[in-house]
Amino acid sequence: GGLGLGAGLGGVGLGLGAGLGDGVGLGGLSLGAGLGGGLGSGEARLLRALLAGPQPDGAQLQLALPSALVAGPLLAEGRLRAIAERSGSRLELSAEYSPPPTQLLTITGSMLGNSMAILYIQELMQQLGVLT
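Residues numbered from 1 in each chain as written. Predicted model: local features only at pLDDT ≥ 70, side-chain atom pairs only at ≥ 80, totals over all residues. Heavy atoms only, no water.

Trainee: Lay out helix α2 (residues 67-76) with the relevant residues and their values.
Mentor: The periodicity of an α-helix, 3.6 residues per turn, causes residues three or four places apart in sequence to face the same way. Where α2 is concerned, the buried positions are Ser67, Leu69, Val70, Pro73 and Leu74. Its buried side turned inward, α2 meets β4 (59-66), α3 (79-87), β5 (90-97), β6 (102-109) and α4 (111-127). Phi for glycine 78, located one or two positions after α2, is positive at around 75°. (Buried < 20%, exposed > 50% of the residue type's maximum accessible area, 1.4 Å probe, protein only. Helix = DSSP H or I, 4+ residues; strand = E, 2+ residues; numbered from the N terminus. Contact = heavy atoms within 4.5 Å.)

See the structure below:
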């Protein structure tokens, strides 16, 4: 199966593609803005503000992840860094908690970047059988 999302308004396009099937693969992220043609300057500023969120790069999410997932696939295999690079968000680990053994992951960036980081983590968890 697959998931696709696309939206367009005037000269602005936002596209997000993901394939979540047997051979789990994630398409690229495409964000394009041709704000000169179809939108007035006020509309263009509004659209930029909506895409950026309340503060550009100021949105924050916290996840409690299984410690085994963090220590193994995320850190040891370098996937945490790859997720940060692909999403454009900053990912930071905090203290471990138990029981059950969990570790707090803080994701900071734009709302879109944070959403992408979550999608990549969910995709990894699905590949590893952590999510059913």
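Trainee: Please set out the side chain of serine 87 residue by residue, giving values where relevant.
Mentor: Note on placement: serine 87 falls in helix α3. By relative accessible area, serine 87 is classed as buried at 11%. A polar side-chain atom of serine 87 sits 3.2 Å from the main-chain amide nitrogen of serine 89. With sequence-adjacent residues up to four places away left out, serine 87 is seen in contact with Gly113, Met116, Ala117 and Tyr120. (Polar contact = N/O pair within 3.5 Å; in protein donor to acceptor, adjacent residues only side chain to side chain.)

Trainee: Can you explain the nonpolar core? Please cite residues and give values.
Mentor: In this structure, Leu65, Leu74, Ile83, Leu91, Leu105, Ile107 and Ile121 are the most contacted members of the largest nonpolar core, which totals 17 residues. Broken down by secondary-structure element, the contributors of at least two residues to this core are α2, α3, β6 and α4. Top contributing element to this core by residue count: α4, with eight residues. Residue contacts for leucine 74: discarding those within four places in its chain leaves Leu65, Leu69, Arg79, Leu80, Ile83 and Leu124. (Core = buried A, V, L, I, M, F, W, Y, C linked by side-chain atoms within 4.5 Å.)

Keep in mind these values describe shape, not function.
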